Amino acid sequence: MRATVMYGAGDVRVENVPDPKIQHPSDAVVRVVRSCICGSDLWPYAQMPATPEGRRMGHEFLGVVEELGSDVSGLKRGDLVVAPFVWADNTCDFCREGLHTSCRDGGQWGPNGVDGGQGEAVRVPQAQGTLVKLPVAEDSALLPSLLTLSDVFCTGHHGVVTSKVGPGRSVTVIGDGAVGLCAVLAAKRLGAEQIILMGRHKDRTDLGRDFGATDVVAERGEEGIERVRELTGGDGTHAVVEAVGAEQSMHTALGIVRDGGAISRLGVPQYTDVPLGFPTIMGNITITGGAAPARAYIEELLPDVLDGTVEPGRVFDRTIGLDDVPDGYRAMADRTALKVLVRP
């Protein structure tokens, strides 16, 4: 089959790789019908050291079940399924607590001989706990929005849940990428009263307004902090979702959070130190967030996607075939595409 392999910074190839096969009774083989490129894929695309063996790519996909291991129940061949961005047994103590990213028997797509989603098919470990059946056909117009349940919409939802967004609350979302925009949509869904989106790309912030942003702040650094403070009567917002992962973004988050508020870190951090000194203690600021346990959120979010209450699939602004994946990476890295949908 064909699949995407990254060999180093800027070096993405689509190559022939072995077809996936059942290796364990808990496995399934899924034919991919939709995948995509994630903003987090751009970090290795920018800085991954060159390797001779390469790294399989893609952690977001929808597919059709082709084969099932003998221990897998609740699924059958032909089912359309969504796969969260980590696989998990959905039965261990961490999974029962809603923390599937820490599953004792789980793992990530790509490393250690596991297939990646940017390919024609995937061997799915722990298939019964990982895959969620979808009640639509594989040609449904809802597929782009359903695909966001594998990662980006669930991640935005995680950011607003962990920062305690709700009716009457205010939130600032830092970053106008797909995760940030989905955080805006999730905040609107949960009833936030004021939603400030910090971003500089007008086409993206316009979509953010459609998703529910009440204000847009294009300024960065101290100017951005000052502008948010102006919009909130000097107090800042109850919640801040940091959806970039840069050190400057975290400094901004600390500058705009209201006393007693919470900052949710969603962006894959490209820094190691966070300035949590005396002002943070005195302000009773909570630092939360992390990798979203998407599997824990899918059933909650699925009905609103199915009935069209939310349309997170609008974050996809380019659709390509599998052979064009290297061009898709370049487009996202060059900011000429927001999020690229892949149809193998």
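For the structure, see preceding data.
Residues numbered from 1 in each chain as written. Predicted model: local features only at pLDDT ≥ 70, side-chain atom pairs only at ≥ 80, totals over all residues. Heavy atoms only, no water.

1. Some remarks on the pattern of salt bridges
Turning to step 1, where the next piece is worked out: Overall, the coordinates contain 19 salt bridges when judged by the stated rule.
Turning to step 2, where the next piece is worked out: Linking glutamate 138 and arginine 31 is a salt bridge whose minimum nitrogen-to-oxygen distance equals 3.2 Å. With glutamate 138 in the loop between strand 10 (132-133) and helix 4 (143-147) and arginine 31 in strand 3 (residues 28-36), this pair connects stretches of sequence that are 107 residues apart.
Turning to step 3, where the next piece is worked out: By relative accessible area, arginine 31 is classed as partly exposed at 31%.
Turning to step 4, where the next piece is worked out: The shortest N-O distance in the salt bridge between glutamate 230 and arginine 227 comes to 3.2 Å. Of this pair, glutamate 230 and arginine 227 both sit in helix 8 (residues 221-231), 3 residues apart, which is roughly one turn of that helix.
Turning to step 5, where the next piece is worked out: The network of salt bridges with shared partners includes Asp11, Arg13 and Glu15. (Salt bridge = Lys/Arg side-chain N within 4 Å of Asp/Glu carboxyl O. Helix = DSSP H or I, 4+ residues; strand = E, 2+ residues; numbered from the N terminus. Buried < 20%, exposed > 50% of the residue type's maximum accessible area, 1.4 Å probe, protein only.)

2. Observations concerning helix 6 (residues 178-189)
Since the α-helix advances by 3.6 residues per turn, residues separated by three or four positions end up pointing in the same direction.
Turning to step 1, where the next piece is worked out: Between the first and last C-alpha of helix 6 there are 16 Å, a value that for 12 residues agrees with the 16 Å anticipated at 1.5 Å per step.
Turning to step 2, where the next piece is worked out: Judged by how many residues are buried, helix 6 sits mostly within the fold: 9 of 12 residues are covered.
Turning to step 3, where the next piece is worked out: Of all the positions in helix 6, only Ala178, Gly180, Leu181, Cys182, Ala183, Val184, Leu185, Ala186 and Ala187 are classed as buried.
Turning to step 4, where the next piece is worked out: In this fold, the buried residues of helix 6 make contact with helix 5 (152-162), strand 11 (170-174), strand 12 (194-198), helix 7 (202-211) and strand 14 (237-242).
Turning to step 5, where the next piece is worked out: One or two residues past the end of helix 6 sits glycine 191, with phi positive at roughly 90°. (Expected span 1.5 Å × (residues − 1). Contact = heavy atoms within 4.5 Å.)

3. Examining the sheet that holds strand 4 (residues 55-56)
Within a sheet, each strand pairs with its neighbour through backbone hydrogen bonds, oriented either parallel or antiparallel.
Turning to step 1, where the next piece is worked out: An order of 2-1-4 is seen for the 3 strands of this open sheet, with the pairing classed as antiparallel. Each of the sheet's edge strands pairs with one partner strand only, and the pair in question is strand 2 (11-16) and strand 4.
Turning to step 2, where the next piece is worked out: Across the face of the sheet, helix 12 (residues 325-333) comes into contact with strand 1 (2-8) and strand 2 while running at roughly 160° to strand 2. (Pairing = 2+ DSSP bridges. Axes fitted to C-alpha atoms, helices over the stretch in contact; angles between N-to-C directions.)

4. With respect to a nonpolar patch on the surface
Turning to step 1, where the next piece is worked out: Together, Phe278, Ile281 and Met282 make up a nonpolar patch on the protein surface, roughly 390 Å² of accessible area in all.
Turning to step 2, where the next piece is worked out: As for its placement among the helices and strands, isoleucine 281 is situated in helix 10 (residues 278-282).
Turning to step 3, where the next piece is worked out: With relative accessibility at 60%, the residue isoleucine 281 sits in the exposed group. (Patch = residues over 30% accessible without salt bridge, like charges linked within 9 Å, V, L, I, M, F, W, Y side chains within 5 Å. Areas by Shrake-Rupley, 256 points an atom, 1.4 Å probe, with all protein chains shown as cover.)

5. Quick look at unusual backbone geometry
Turning to step 1, where the next piece is worked out: We note that glutamine 126 has phi near 45°; this positive angle belongs to a residue other than glycine.
Turning to step 2, where the next piece is worked out: Topologically, glutamine 126 is positioned in the loop between strand 9 (121-124) and helix 3 (127-130).
Turning to step 3, where the next piece is worked out: By relative accessible area, glutamine 126 is classed as partly exposed at 22%.
Turning to step 4, where the next piece is worked out: Despite not being glycine, asparagine 284 shows a phi value in the positive range, around 55°.
Turning to step 5, where the next piece is worked out: Inspection of the secondary structure puts asparagine 284 in the loop between helix 10 and strand 16 (286-289).

6. Focus on the sheet that holds strand 13 (residues 215-217)
Turning to step 1, where the next piece is worked out: With respect to topology, 6 strands assemble into an open sheet ordered 13-12-11-14-15-16, the strand pairing being parallel. If you trace the sheet from one side to the other, it starts and ends with strand 13 and strand 16, each paired once. Direction aside, the axes of adjacent strands within the sheet are offset by 20° on average.
Turning to step 2, where the next piece is worked out: The pairing of strand 15 (residues 257-265) with strand 16 spans 4 bridges and is parallel. Note that in strand 16 the partner of isoleucine 263 across the bridge is isoleucine 287.
Turning to step 3, where the next piece is worked out: Most of the contacts of helix 6 go to strand 12, to which it runs at about 175°, and overall it touches strand 11, strand 12 and strand 14.
Turning to step 4, where the next piece is worked out: Across the sheet, helix 9 (residues 247-256) is in contact with strand 11, strand 12, strand 14, strand 15 and strand 16; its angle to strand 15 comes to roughly 155°.

Function-wise, these values are silent; they only describe arrangement.
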